[in-house]
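Fold and contact review
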Amino acid sequence: MSNESISSNFVTQNQFTFAEKFAHKISKNKNKGISQSSVRKTTDKQSVHLDSEERKEKEIKSQKSKSSKQKETFPRHISEKEIDKLLKNQNTNDAQYVEGYLRINPWCHKYAYLSLSDDQYDLLIVGLRDRNRAFDGDFVVACINQPEKWQVHQGQKQKTGVVVCIREKIHPRKTVGCFKQRGAFTFFYPRDHRVPLVKINRESLQQFAVCPSSYEDTLYLVVITDWIKPKFAVGKIEKIVGNIGDIRTESNAILLEYDLDVTPYSPDIIKGLPSSDYILTENDLRDREDWRQECIFTIDPDAAVDLDDSVSCKILENENYEIGVHISDVTHYMEFLSPLDIQVSKRATTIYMTDNVYHMLPKQLCQICSLSPGQDKLAFSVIWEITRNAEIVKYRFAKTIIRSCCQMSYYHAQKFIENPKNNWPDDFLSINGNFNFNDLSIKVNILHNLAIQMRKKRFQNGALQIDQPKLYVKIDRITGLPISYNIEEQKDSNRLIEEFMLLANMTVATQLYTMIPETALLRNHREPSKHILTVTKDTLQRFGIHLDIKSSASLHASIRRYEQGLENENNETKITMKYRMMVINSLCSKAMTRATYICSSTVTAEEELRHYALNVPLYTHFTSPIRRYSDCVVHRLLYSTMKNVEMPKEWSKKLCKSIAANCNIKKYSAKMAQERSSELYFTYLIDLKGPIVTMGIVLNVNENFINVILCQLGIKLRVSITQLEKLAVIEYSSEYSVPTISIFWKKPAVTQVINVFSLLYLRIEKHPESFQLIGNLLPPNQEIEL
């Protein structure tokens, strides 16, 4: 057998036999000049080569095994103590660690993000393993990877990282979904794709009698108890939510998913509260200013029940105005750290769902505190002397007793503004006391004129307002089913009240920080991401929209310039520009951070207390104690500064920080639940009435989908392009950095070019299997056909 004919596999398995035979053959050919030493060298080299190959194979197998094991386990979490040292000692110009609130892409849950400095892309965290047991919204610390692991995004390298510490578990670790069989195992599939698959322990499955027949039509609430392997978490069933498709079940599922407590208060908690027909006693009135003879009134939405703010206005002898904002004195009835106060603090906010309002306070306390007309009520008041030019001369705070003369709606106030001297019909509005329509009209218009001036000054001083449409779905109170929808519209009467509530909150914030700078509960709004704003500015500039993003003032002026341009256009152009403003506002709002409650002593610099959008150094919430616990805390703090007495000994920086954190979570959760509720009931309405054709305007363009805003609804929707492959030829281009989709429709044979600001007609319907909207793009000239 020749040397060349032996396969490498054979050599590997029989190397010593081959070597011996080869050496024997060589020894027979000494006369040919081949030495024994050269044979030894050859066989040694062959042996070394074979050993090397074996080692390499073993190393590859070992690396694969190690890599596989790594994928099956999470990286180690670093302790908070170690993290504090690492963050403190790192070079700020070349930081290796970054902390912030984790955001998981709701469309593609493989990707999560943390904000970096203003001029950089977000830190990208890829996959469940690198997310390292963190959930959406958690406050985490991530380690930035080495540059070779970064990813290219839009032609630039984007930093990637790994979560190494979960500082604060914001996400409730609860999720709603249903069960599916996966081979021999049963897994829980959350509706929120940002939550991992969950393996349920056997005892929990048996306890709730989960069987295959109930997999597809039943929703369950599951609590995640552990997360050991990246592929799936471990959990247990907390409750059966109900049947998929039932509107009340679906609504309840939203509340459960956001961990919002709407259970009635127990009798033990509300024991001792006055009844709803409670009459004030002399003890209640002690040390209060009596304002019951003043013309005080509320202005609220038509269906408002919780009336926690009212206003007053009178002309002084020097022709200045005395303006009062009178807020319900909830904390008079709720003792600090009482069992009721503790339970209210946990809920932290009233929840406004389409089908119901879940009050933060017990119902009877809402009724006692609500500033109903014709009834004596306790209030906490901010009173200013203001000139006709809207300049504040002085202000003070007072505990008061008031008697509102009128429950006015925004509709009524708007009519007074539009027709100050109209002859009002007797049934236009019910008025208590010695006041008439003329009195109310005069006072509303004084407040309106002051509000206009105050608003103008605010924006001249750098305030920013980004308006976004809000969908309102009306339901039949008997059947509980949706019957109509519209976009809520802000009018002068809304802005009137807004302006004086803002003024009250700013005035109280200044008082708190001046008097108790260590434990003031304030509300800050950090500057937006300059990187996202810059990208937005560059994107819009390609379409002829020029934004100045240097400051909140310049950004507002830019946006306002385009809004004012609408007033001089014809109706058709005006409508188109109105829709374009939706895109501009939406893109700008994407860069904005979330306003948060904060304990004043937790910041390192006073500048961190600023409110970016309002462009004021200090702000808080004082004006809605019936529906926000933060306002109850602020009332107590304000009263302590008025009387120059300390808060109870239990009050501390730690408690203030804890309350702020919980209020932030609950406020955001309630906001998201409200939005989800509106979309749920709108989707249900579409399902009842059938698909609709409506106009959408493009927000951004991707290779496989477009994001649109539905112009008549204010809803953002992702529309798939890939589903059109049988109907059209689709081409994607990003030439000149303008992402564009060209659709060459087969029937009719037309070409459609889509990029930002393109107006499209869409067929909107309910997804066949879930309460989600789906939008199908209609070809040009076919938009009115269903």
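Just so you know, these numbers come straight off a predicted model, no measurement behind them.

**Examining the overall build of the chain**
Scanning the chain from terminus to terminus reveals 19 helices and 34 strands. With 786 residues in all, the chain has 48% of them scored as buried. Pairs at least 24 residues apart make up 67% of the contacts formed inside the chain by residues separated by at least 6 positions. By element, 49% of the accessible surface of the chain is carried by carbon and sulfur atoms, the whole surface being about 41500 Å².

**Section: the sheet that holds strand β34 (residues 773-777)**
Working definition: the strands of a sheet are paired by backbone hydrogen bonds and lie parallel or antiparallel to each other. Taking strand neighbours across the sheet as the criterion, the five strands line up as β29-β28-β27-β33-β34 in an open arrangement whose pairing is antiparallel. Each edge of the open sheet carries a strand with a single partner, namely β29 (716-720) and β34. Put simply, the sheet's adjacent strands are angled 50° from each other on average, direction ignored. Where strand β27 (residues 692-701) meets strand β28 (residues 705-710), five bridges bridge the pair, whose relative direction is antiparallel. Bridge pairing links valine 701 to isoleucine 706 in β28. Relative to β27, helix α17 (residues 571-590) is tilted by about 45°, and along the sheet it contacts β27, β28, β29 and β33 (759-766).

**Description of the environment of threonine 507**
Along the polypeptide, threonine 507 turns up in helix α14 (residues 492-515). Spatially, the C-alpha atom of threonine 507 lies 9.7 Å from that of phenylalanine 622, the residues being 115 residues apart in sequence. Sequence-distant contacts of threonine 507, that is, excluding residues within four places in its chain, are made with Val382, Trp384, Tyr395 and Phe397. A polar contact of 3.3 Å, which involves the side chain of threonine 507, links it to the side chain of tryptophan 384.

**Quick notes on the packing of helix α15 (residues 530-541) against α17**
Relative to each other, α15 and α17 sit at 155°, their axes nearing to 8 Å. As far as their axial angle goes, α17 and α15 are roughly antiparallel. Contacts between α15 and α17 involve Ile532, Leu533, Thr536 and Leu540 from the former and Ile584, Leu587, Cys588 and Lys590 from the latter.

**What about the confidence of the model for the chain?**
Summing up the model confidence of the chain, the mean pLDDT is 87 and the portion of residues at 70 or higher is 89%. In the predicted structure, residues 1-43 sits below a pLDDT of 50 and forms 18 contacts with residues beyond four places in sequence or in another chain. Counted against residues more than four places away or in other chains, residues 45-50, with its pLDDT under 50, gives five contacts.

**A short note on the state of the cysteines**
Counted under the stated rule, the structure contains zero disulfides. Of all cysteine sulfurs, the one in cysteine 366 lies closest to cysteine 369, which takes part in no disulfide; the gap is 7.5 Å.

**Focus: the pattern of salt bridges**
What the rule picks out here adds up to 39 salt bridges. Between arginine 191 and glutamate 250 there is a salt bridge, with its nearest N and O atoms 2.5 Å apart. Taken together, the residues arginine 191 in the loop between β10 (185-190) and β11 (197-200) and glutamate 250 in helix α7 (residues 247-257) connect sequence positions 59 residues apart. When its relative accessible area of 33% is taken as the criterion, arginine 191 is described as partly exposed. Residue glutamate 385 pairs with lysine 394 through a salt bridge whose shortest N-O separation is 3.9 Å. We classify glutamate 385 as buried; its relative accessible area is 10%. Among the charged side chains, a salt-bridge network with shared partners connects Glu80, Asp84, Glu99 and Arg167.

**Section: unusual backbone geometry**
Looking along the chain, the bond that leaves lysine 747 and enters proline 748 is cis, with omega of -5°. Relative to the assigned elements, proline 748 resides in the loop between β31 (740-745) and β32 (751-754). For phenylalanine 757, which is not glycine, the phi dihedral falls at a positive 80°. A relative accessible area of 7% places phenylalanine 757 in the buried class.

**A short note on the sheet that holds strand β3 (residues 111-114)**
Sheet architecture is open: three strands sit in the order β2-β3-β4, paired in antiparallel fashion. Where the open sheet ends on each side, the last strands, each with one partner, are β2 (103-104) and β4 (123-126). Note: β2 against β3, two bridges, orientation antiparallel. For isoleucine 104, the partnering residue across the bridge sits in β3 and is alanine 112.

**What to know about the packing of aromatic side chains**
Scanning the model with the defined rule gives 17 aromatic pairs in all. Measuring from ring centre to ring centre gives 5.0 Å for phenylalanine 179 and tyrosine 220, while their planes differ by 75°; the resulting arrangement is edge-to-face. With phenylalanine 179 in strand β9 (residues 174-182) and tyrosine 220 in strand β12 (residues 218-229), the pair connects residues that are 41 residues apart, well separated along the chain. We note that phenylalanine 179, like tyrosine 220, is buried. Judged by centre distance (6.0 Å) and plane angle (75°), the rings of phenylalanine 428 and phenylalanine 437 are edge-to-face. One aromatic cluster is present, built from ring pairs that chain together Phe416, Trp424, Phe428 and Phe437. The cationic tip of lysine 399 hangs over the ring face of phenylalanine 380; the distance from NZ or CZ to the ring centre is 4.9 Å. Over the ring of tyrosine 668 we find arginine 594, and its NZ or CZ is 3.5 Å from the ring centre.

**Here's the deal with the packing of α14 against helix α18 (residues 629-643)**
Two packed helices can be described by the angle between their axes and the distance between those axes. Direction vectors running N to C along α14 and α18 enclose 60°, while the axes themselves pass 10 Å from each other. In terms of axis orientation, α14 runs oblique to α18. Considering the relative orientation of α14 and α18, their crossing is left-handed. In this structure, α14 uses Val508, Gln511, Leu512 and Met515 to contact α18, whose residues at the interface are Val634, Leu637, Leu638 and Thr641. Its residues placed into classes, the contact of α14 with α18 shows six nonpolar, two polar and no charged.

**With respect to the nonpolar core**
Phe297, Met408, Phe500 and Tyr629 are the most contacted members of the largest nonpolar core, which totals 85 residues. Of all the elements, α14 adds the most residues to this core, at 10 residues. Among residues more than four places away in sequence, those in contact with tyrosine 629 are Met334, Asp341, Val344, Ser345, Ala348, Met360, Arg636, Ile659 and Cys663. Ranked by size, the runner-up nonpolar core spans 40 residues in total, among them Leu471, Ala673, Leu760 and Leu777.

**Thoughts on the environment of arginine 458**
Along the chain, arginine 458 falls in helix α13 (residues 437-460). A C-alpha to C-alpha distance of 9.6 Å links arginine 458 and glutamate 499, two positions 41 residues apart in sequence. Once residues lying within four places of it in the same chain are set aside, the contact partners of arginine 458 are Ala463, Glu499, Leu502, Met506 and Leu614.

**Details of α15**
Given a rise of 1.5 Å per residue, 12 residues ought to cover 16 Å, and the 16 Å separating the end C-alpha atoms of α15 matches this to within 8%. Looking at α15, one finds that the buried residues are His531, Leu533, Thr536 and Leu540. Where α15 is buried, its residues touch α16 (552-565) and α17.

**Quick look at the pairing of β9**
Sheet topology note: the β9/β12 ladder contains four bridges and is antiparallel. Residue pairing for β12: lysine 174 is matched across the bridge by valine 223. Between β9 and β10, which pair antiparallel one after the other, the connecting turn spans two residues, and glycine 183 there sits at a positive phi close to 70°.

Parameters at a glance
Residues numbered from 1 in each chain as written. Predicted model: local features only at pLDDT ≥ 70, side-chain atom pairs only at ≥ 80, totals over all residues. Heavy atoms only, no water. Helix = DSSP H or I, 4+ residues; strand = E, 2+ residues; numbered from the N terminus. Buried < 20%, exposed > 50% of the residue type's maximum accessible area, 1.4 Å probe, protein only. Contact = heavy atoms within 4.5 Å. Areas by Shrake-Rupley, 256 points an atom, 1.4 Å probe, with all protein chains shown as cover. Pairing = 2+ DSSP bridges. Axes fitted to C-alpha atoms, helices over the stretch in contact; angles between N-to-C directions. Polar contact = N/O pair within 3.5 Å; in protein donor to acceptor, adjacent residues only side chain to side chain. Parallel < 35°, antiparallel > 145°, perpendicular 65-115°, else oblique. pLDDT = per-residue confidence, 0-100. Disulfide = S-S within 2.5 Å. Salt bridge = Lys/Arg side-chain N within 4 Å of Asp/Glu carboxyl O. Phe/Tyr/Trp six-rings, centres within 6.5 Å; stacked < 30°, edge-to-face > 60°. Lys NZ or Arg CZ within 6 Å of the ring centre and 35° of its normal. Left-handed = near helix turned anticlockwise from the far one by under 90°. Nonpolar A, V, L, I, M, F, W, Y, C, P; charged D, E, K, R; others polar. Core = buried A, V, L, I, M, F, W, Y, C linked by side-chain atoms within 4.5 Å. Expected span 1.5 Å × (residues − 1).

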